Amino acid sequence: QVQLVESGGGSVQAGGSLRLSCTASGRTFSSMGWFRQAPGKEREFVAGIRWSNDNTLYADSVKGRFTIARDNAKNTVYLQMNSLKPEDTAVYYCAADSNWRVLYQIGRQSNYDFWGQGTQVTVSS
């Protein structure tokens, strides 16, 4: 049985930082990623990581500010978010993909099989 549990969301002021965590239980995955959905907007890709080789992929909007990392021993993926902006406000979802894919495919939400319940991130100006 697969379960993804996110934590680390909260409220910060613009320019602040948050670190999100997602721990997977039940199995391991080929890739894990973070998506977000703001009110009135579609869910969008934020960052992803391939478990086998640590390759990463980022949305242009977060490059240079967000960092995704993994801890194999804990089966956990992290999203370190720095220099947060109000437009980063959203519910952030952790997702896992069972199948190996080329790196750019990690950004396609349709490829993900399992999803966490989400954690709210609010950035105020």
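Above this text is the structure in question.
Here the residue numbers are simple positions, counted from 1 along each chain's written sequence. Reporting of local features is limited, given that this is a predicted model, to residues whose pLDDT is at least 70; pairs of side-chain atoms are given and counted only at 80 or more, and all residues count toward the totals for whole chains, interfaces and linings. The basis for every side-chain value is the complete set of non-hydrogen atoms in the structure, without hydrogens or water.

> How would you sum up the state of the cysteines? Please name residues and give values.
Cysteine sulfur atoms that come within 2.5 Å of each other are treated as a disulfide pair. Applying the stated criterion across every chain yields a total of one disulfide. Each disulfide pairs two cysteine sulfurs, and for Cys22 the partner residue is Cys94, the sulfurs being separated by 2.0 Å. On the sign convention where negative is left-handed, the bridge of Cys22 and Cys94, at about -80 degrees about the S-S bond, is left-handed. On the criterion of sequence distance, the pair formed by Cys22 in strand S3 (residues 18–25) and Cys94 in strand S9 (residues 90–97) is long-range, its members being 72 residues apart. Residue Cys94 is classed as buried on the basis of its relative accessible area of 0%. What counts as a helix is a DSSP run of H or I of at least four residues, what counts as a strand is a run of E of at least two, and both are numbered from the N terminus. Any residue under 20% of the maximum accessible area for its type is buried, any over 50% is exposed, and the rest in between are partly exposed; the area is computed with a 1.4 Å probe on protein chains only.

> Can you lay out the side chain of Thr119 for me, pointing to particular residues and giving the numbers?
Structurally, the position occupied by Thr119 is in strand S11 (residues 119–124). For Thr119, a relative accessible area of 12% translates into the label buried. Excluding residues that lie within four positions of it along the chain, Thr119 makes contacts with Glu6, Gly8, Gly9, Leu20, Ala90, Val91 and Tyr92. We call two residues in contact whenever any of their non-hydrogen atoms come within 4.5 Å of each other.

> Break down the sheet that holds strand S1 (residues 3–7) for me, with residues and values.
Pairing between two strands is assigned when DSSP locates at least 2 bridges connecting them. Taking strand neighbours across the sheet as the criterion, the four strands line up as S1-S3-S8-S7 in an open arrangement whose pairing is antiparallel. Pairing within the sheet leaves two strands with one partner each, and these edge strands are S1 and strand S7 (66–71). Neighbouring strand axes in the sheet, compared pairwise and without regard to direction, differ in orientation by 15 degrees on average. Looking at chain direction, S1 and S3 are connected through five bridges and run antiparallel. Paired with Leu4 across the bridge in S3 is Ala24. Axis geometry follows a simple rule: fit a line to the C-alpha atoms, using only the stretch in contact for helices, then measure angles between N-to-C directions, giving values from 0 to 180 degrees.

From the geometry alone we can't say anything about function, so treat these as descriptive.
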